[in-house]
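Report on the structure
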Amino acid sequence: MRSKTSYFNPTLFKKNLARFWPLWGGASFLGALFPLAFLTILIRENVLFGEPMSDPLGVTAGYYQIVAWIIPTLSLLYAALCALATWGWLYNPRSVGMYHSLPVTRKGIFVTDFLSGMAMMLLPYAVTGGLAILVSAIVGGLEPVGLAVTILAVAGQSFFFFASATAVVFVTGNPFAFAALYFIFHFIAAGAEWLVTRLMTMFYFGVERSYQGVIEFLSPTMYLTRKLNVDTEYTQILNPEGWEQAILESVTLVNGWLIAVYALTGAVLLAAAWALYRRRRSESAGDVVAVGWMKPVFRYGFALCAACTGGMALYNVFFAGYETTRTASPVPLALCMAAAGVIGYYIASMLLSKSLRVFRGSWKGVLATALASAALCAAVALDPLSVESWTPRPEEVESVLLIVNGVNGRGVNTRLTDPALIQNILDVHQAVLAEREDLNKSWRGLEGEDVSVAYLDVTYYEGEIGSPHTSRMYNLPCSRERMERSQALQKLVALAANPAIQEANIFGHVYRENLETRLTGGYADRLYNPETKEMEQLDLTLEQAKALEAAVRRDVAAGHFGRTLFLLDDLYNQAICTGGLELYYSVTDLDRPQVGPHSQTVSLSLSAYCTETLKALEDLGIVNGSRRLLTYAEQSALESEEEGVPFEGDYDPYSFPDSGSVVYPADAYVYPGEAVDAALLH
Amino acid sequence: MIQVTNTVKRFDGFAALDGVSLSVPAGSVYGLVGPNGAGKSTLIRCLTGIYRQDEGELAIDGQSVWENEALKSRVAAIADDWYYFPQATIRDMCRFYRGFYPSFSMERYEKCKEVFQIDEKRPLRRLSKGMQKQAAFWLTLSAMPDYLVLDEPVDGLDPVMRRQVWSLVLGDVAQRGTTVLVSSHNLRELEDVCDHVGILDHGKVLLERSLAQLQDNMVKLQVVFQDGGDVPEDLEVLHASHVGRIHTLIMRMSAEEATNRLAVYKPMLVDAVPLTLEEIFIYELGGADYAVKDIVL
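Source: prediction; values computed, not measured. (Residues numbered from 1 in each chain as written. Chains lettered and ligands numbered in written order. Predicted model: local features only at pLDDT ≥ 70, side-chain atom pairs only at ≥ 80, totals over all residues. Heavy atoms only, no water.)

**Details of the overall build of chain A**
Under the convention used in this document: Secondary structure elements follow DSSP: runs of H or I of four or more residues count as helices, runs of E of two or more count as strands, with numbering from the N terminus. Exposed residues in this analysis have more than 50% of their type's maximum accessible area, buried residues have under 20%, and partly exposed residues fall in between, with area computed by a 1.4 Å probe over protein chains only. For the accessible areas, the method is Shrake-Rupley and the probe is 1.4 Å, while residue cover comes only from the protein chains on display. Only four residue types enter the charge count: Lys and Arg as positive, Asp and Glu as negative, with His and the chain ends excluded. The atom standing in for a charge is NZ when the residue is Lys, CZ when it is Arg, CG when it is Asp and CD when it is Glu.
Of regular secondary structure, chain A possesses 23 helices and 10 strands. Viewed in the frame of its principal axes, chain A has a C-alpha envelope of about 110 × 80 × 55 Å. Taking all 682 residues of chain A together, 49% fall into the buried category. Only carbon and sulfur atoms are counted for the fraction: they give 60% of the accessible area of chain A, which is about 32400 Å². Side-chain charges of chain A comprise 47 positive and 65 negative groups, with the mean position of each set lying 23 Å from the other.

**Some points on the overall build of chain B**
To be explicit about the condition: Contact definition: two residues touch when any of their heavy atoms are within 4.5 Å.
Helix and strand content of chain B: 11 helices and 14 strands. Dimensions of chain B along its principal axes, counting C-alpha atoms only, are 75 × 45 × 30 Å. A total of 297 residues make up chain B; the buried ones form 51% of that total. Once local pairs closer than 6 in sequence are excluded, the contacts in chain B between residues at least 24 apart make up 68%. As presented, chain B carries roughly 13200 Å² of accessible surface, and 47% of it is formed by carbon and sulfur atoms.

**Let's talk about the pairing of strand β11 (residues 219-224) of chain B**
All names here are of chain B. As a reminder of what qualifies: Between any two strands, pairing holds if DSSP finds at least two bridges.
Burial runs high along β11: 5 of the 6 residues are buried. Pairing of β11 with strand β14 (residues 269-273), which is carried by 5 bridges, proceeds in the antiparallel orientation. Its bridge partner lying in β14, V224 is registered against L269.

**Some words on the sheet that holds strand β6 (residues 469-478) of chain A**
Pairing between the strands of a sheet comes from backbone hydrogen bonds, and it takes one of two forms, parallel or antiparallel. Residues and elements named next belong to chain A. Rules: Lines are fitted to the C-alpha atoms to define the axes, a helix being fitted only along its stretch in contact, and any angle between axes, read from their N-to-C directions, falls within 0 to 180 degrees.
An order of β4-β3-β5-β6 is seen for the 4 strands of this open sheet, with the pairing classed as antiparallel. At either end of the open sheet lies a strand with only one pairing partner, and these are β4 (411-416) and β6. On average, each strand axis in the sheet is inclined to that of its neighbour by 10°, with strand direction left out of account. Looking at chain direction, strand β3 (residues 399-405) and β4 are connected through 6 bridges and run antiparallel. Among the inter-strand pairings, N405 is bridged to a residue of β4, identified as G411. Strands in contact with helix α18 (residues 499-507) are β3 and β4; relative to β4, the strand with the most contacts, it is inclined by about 95°.

**A few points about the nonpolar core**
The following threshold applies: Definition of nonpolar core: a set of buried residues of the types Ala, Val, Leu, Ile, Met, Phe, Trp, Tyr and Cys, connected through side-chain atoms within 4.5 Å.
Judged by nonpolar contacts, the single largest core of 132 residues is most densely connected at W87 of chain A together with M93 of chain B. Ranked by the residues each element gives to this core, the list is headed by helix α7 (residues 144-169) of chain A, at 11 residues. If we skip the residues at most four places from it in the chain, M93 of chain B touches M98 of chain A together with Y83, Y84, F85, A88, L124 and L139 of chain B. The next biggest cluster of nonpolar side chains, apart from the first, holds 35 residues, and it includes L421, V458, L476 and L489 of chain A.

**Comments concerning the environment of I70 of chain A**
Structurally, I70 of chain A is set in the loop between α3 (56-69) and α4 (71-87). Considering only alpha carbons, one finds I70 of chain A and T225 of chain A, 155 residues apart in sequence, at a separation of 8.0 Å.

**Quick word on the sheet that holds strand β9 (residues 196-201) of chain B**
All names here are of chain B. Spatial ordering of the open sheet is given by β6-β7-β8-β3-β9-β10, a layout of 6 strands whose pairing is mixed. Each edge of the open sheet is held by one strand with a lone partner, namely β6 (75-78) and β10 (204-210). Neighbour-to-neighbour, the strand axes of the sheet open up by a mean angle of 15°, direction not taken into account. When strand β7 (residues 147-151) meets strand β8 (residues 179-184), the two strands line up parallel, connected through 5 bridges.

**Some details on helix α1 (residues 10-19) of chain A**
We count it as follows: Here a polar contact is recorded for every N or O atom pair within 3.5 Å, except that within protein the pair must consist of a potential hydrogen donor and a potential acceptor, and residues adjacent in sequence are included only if both atoms are side-chain atoms.
All of the buried residues in α1 of chain A are T11, L12, K15, N16 and L17 of chain A. Those residues of α1 of chain A that are buried are in contact with α2 (21-44), α4, α5 (93-101) and α6 (106-139) of chain A together with α3 (90-100) of chain B. Looking at where α1 of chain A begins, the residue whose side-chain oxygen comes 3.0 Å from the main-chain nitrogen of T11 of chain A is N9 of chain A.

**Describing the interface of chain A and chain B**
Operational definition: By definition, the buried area sums, over both parts, the 1.4 Å-probe accessible area that each loses when the two are put together. Each reported salt bridge corresponds to a side-chain nitrogen of Lys or Arg within 4 Å of a carboxyl oxygen of Asp or Glu. Here the term charged refers only to Asp, Glu, Lys and Arg, the term nonpolar to Ala, Val, Leu, Ile, Met, Phe, Trp, Tyr, Cys and Pro, and the term polar to all other amino acids, Gly among them.
Opposite the 27 residues of chain A that make contact, chain B presents 30 residues. In total, chain A and chain B occlude about 2700 Å² of area from one another, counting both sides; carbon and sulfur atoms represent 56% of this. Summed over the shared surface of chain A and chain B, the number is 3 salt bridges. Note that D54 of chain B is salt-bridged to R281 of chain A, the shortest N-O span being 3.0 Å. Joining chain A to chain B, the criterion identifies 12 residue pairs in polar contact (both at pLDDT 80 or more). For the side of chain A that touches chain B, the element with the most residues is α5 of chain A, which contributes 7 residues. In terms of residue class, the side of chain A that touches chain B is built from 7 nonpolar, 12 polar and 8 charged.

**Here's the deal with the environment of L139 of chain B**
Residues and elements named next belong to chain B. Here L139 lies in helix α5 (residues 129-142). Separated by 51 residues in sequence, L139 and A88 place their C-alpha atoms 13 Å apart. Beyond its immediate stretch of four places on either side in the chain, L139 contacts W82, I90, M93, C94, Y97, F104 and Y109.

**Re the layout of surface pockets**
Residues and elements named next belong to chain A. Filter applied, for reference: Cavity: a set of points on a 1 Å grid over the protein atoms alone where a 1.4 Å probe fits but cannot get out. Pocket: an open set with protein on both sides within 12 Å along at least five of seven lines, its lining residues, like those of a cavity, having an atom within 4 Å of a point. Grid points are joined across faces, edges and corners, and a volume is the space filled by probe spheres set on the points.
Each pocket or cavity is described by its volume, and for the largest pocket that value is around 1500 Å³. Among the elements of the structure, β4, α18, β9 (576-589) and β10 (598-607) are those that each provide at least two residues to the lining of the largest pocket. The greatest single-element share of the lining of the largest pocket, amounting to 7 residues, is contributed by β10. Considering only enclosed or pocket space, the second largest pocket measures out at about 1100 Å³ in volume. Forming the boundary of the second largest pocket are 37 residues, of which I66, Y125, T128, G129 and A132 lie nearest the centre. Within the residue set of the lining of the second largest pocket, elements represented by two or more residues are α2, α3, α4, α6 and α7. Partitioned by chemical class, the residues of the lining of the second largest pocket number 28 nonpolar, 9 polar and no charged.

**Here's the deal with a nonpolar patch on the surface**
The line we're drawing: To count toward a patch, a residue needs a relative accessible area above 30% and no salt bridge. Like charges then connect within 9 Å, nonpolar side chains (Val, Leu, Ile, Met, Phe, Trp, Tyr) within 5 Å.
Taken together, the side chains of F29, L30, L33 and F34 of chain A define a hydrophobic patch exposed on the protein surface, amounting to about 460 Å² of accessible area. Within the secondary structure, L30 of chain A is located in helix α2.

**A closer look at the packing of aromatic side chains**
Counted only if it meets this: In this analysis, rings of Phe, Tyr and Trp, with Trp reduced to its six-membered ring, are considered paired at centre separations within 6.5 Å, and the interplanar angle assigns stacked below 30 degrees, edge-to-face beyond 60, and tilted for intermediate values. For a lysine, the NZ atom is tested; for an arginine, the CZ atom; a charge sits over a ring if that atom is within 6 Å of the ring centre and within 35 degrees of the ring normal.
Counted by the stated rule, this structure contains 37 aromatic pairs over all chains. With centroids separated by 4.9 Å and ring planes inclined at 35°, the aromatic side chains of F170 of chain A and Y277 of chain A adopt a geometry described as tilted. Of this pair, F170 of chain A sits in the loop between α7 and α8 (175-203) while Y277 of chain A is found in helix α10 (residues 257-279), placing the two residues 107 residues apart along the sequence. We note that F170 of chain A, like Y277 of chain A, is buried. Where W82 of chain B meets Y84 of chain B, the ring centres are 5.9 Å apart and the plane angle is 45°; that geometry is what we call tilted. Y84 of chain B carries the same exposure label as W82 of chain B, and that label is buried. The aromatic ring of Y511 of chain A is capped on one face by R553 of chain A, whose charged end is 4.9 Å from the ring centroid.

What follows is the structure, given as structure tokens:
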């Protein structure tokens, strides 16, 4: 008859902690340094026993920030070390023999070792947390709910990460393989999505940044770091001195429930670890993969990852330079992927068998890998989901982040929510897709053409910032000839100069909902003084700044800003001024009043098209005979003259272009054609 | 007693134990002999709960060994590659073992200290291989096990220390009735200590006998026939050789029976000579193309 078995062995527990005290002791020491350093600062500043520095909710907010942004990564790394310390004996046949011959059951070893590891995980947090609580109590008191949530969150994350490390421990029989598999386990989902989307970017025109993090929840460190957040609510009160003061009303750990979900997942992983341990053969110590059925998963998984990464690398080295389009040709990429997949297959086989002799009899596996790699390539290339030609329905889009870089480096970068503007952007997007064959050209495909490249980047959001979104990016070859024939480019030019878009582009970050904005001043930059022949800067009075802001708004409304984005070299030099305007604002975020007002700047590059602003500058006396705005062409002429090179132009370098209603230079806007002008006027 | 019945253990399809059956009587010293790769260590690892057999049964005192905490607290083993914690001293390992074996005796530990004369506070990794082996015996014998399982136990020990160690083990057998299963690839090493022997090869037990059975079943005779004649053809001998007129015959029967058989030929001289264990095994197995030389050389 068997005697009862125990699930916990105190000798083993004590031995584990005693053997690896440098690990948890060192971690505790390092952790303790932070609250102790803070305490030292308090003593040095003589504030230790004075007025409380912070209220309890402020302290809670600090704890939550650590829980949200530091603990996931820290626990990920530290759990790997604790798992290696606790379970490292599994990787040595001698120690496996000793442990399993001892009068303790595997269940007893499992429970005891897991508890030892959890103790190693939690002791440093307990030491650091204990000291932090002590210091917190001194500086501002403690808030019990926040403290309890923090303790639970730290414990939950520690449990999840150590349980996941424990599960991985039993998959392998080798410490190096453990480290590799542990991090693969934690990042495989995000990595696999990234790999597939990278493959999509090879084939799909405009799909340059398609990683969405759809399955990122399977990569907990990334997901927790992204999702956990600290939400604070303040109320404004008048303090006895009559000043308005923001008081912290509540602090919430946003998405804290995720930690509970992951902790439950940790329990499942722990059960899986126990199941693996029960079935684990002691002789698997030293194996890269210790679980029989996981060996083919590892072999073919490794091979497919190698096919994707290695295939793309091989293709870029050997074939990409010959492509006439910006996207890849399926056949050479499929060949590269098949070759890389086969190499990956052999590497995985060598790791599994711990031998270089893996070639004999491997042709079936090699063939399967090559075919699977090529099939994956073909499946992505065929675009069964129509990813390349996709555009959202207008009603699906809540907002759009629009980035347009013209051919001369100037651009638009703004977020838009107006449905009419979103429709305009969709029109441009669809026009670009319609001209895919003509626009999807690599430099090799553009040989013989004198082109500059413009850049269109659209991100469609289903909701607020952070909501699901989809991006498309297009590098568009531009030349006078192309601009005249391409509907897509003409629509893009019109879009860039759209008054509402320019309004959002220039003033969107200072004038928007929930911002209290006040213009405070500014300066005009790089004004040429003909007497000193120096560039000068002139500070603006508030009145001048207000007048200029109004003039800028008139120019924006008239569609004068954004017209220069697609001017090619000669016209660009004649139209763009070297000088510009900077307007200062004081902005208060009404959602975060505790932060108080902060400064914002609007920087404006002026061009000959900005007639209202140029006139205002003259009317205000900012630009006059002794302070002139120059175009780049005028500046070049001046520099040439100073160097003794006569300028053969037909204008007076000391007079600014006519700032009346006639746009200078008169032919600056010829190539988009009348259709664009009509669109602009519309 | 230790009972192994039709035990099979495979590694990636290779059967390291291929239907092993053997029986170790309580209080005996059982020598498990076999060439390298015969399956000795695998059998011992199965018996100590390290490996789980794929087929068959392994029982000690009628109880299955696998995951039997109570039973294993009565079984102590010294592996061929005995493991100790890298930073540990003998004293540390003593504390560790004491936590697992309820019968661990500090009194025995202190007595063994005098025998082995190793500084118990020196890290084990700084000791020589032989001293580490002594430490293994020191700790294992201090656990006062009812069953002692030893895998190539005296490798690395000098002859004096071998004698000391065997003396301690046999003392336990005599005083406490400890059952000892000891494996070796060298038969000569076990000759003086074992009362039962099993030969393992290619995962199978070829032979299992008590020493008395072996000795009763085979005889070595020196014979001189009339007129200096050769060994009669109808005489069943396992081996025959001669120096001059003296023939040395090894026959599978008792000495009495052999003498009676030879009497028919009216030999001038018949003299029984003691057989060594080595000779018994050579002639028991030699004709079967087994790697007997591996266990006797």
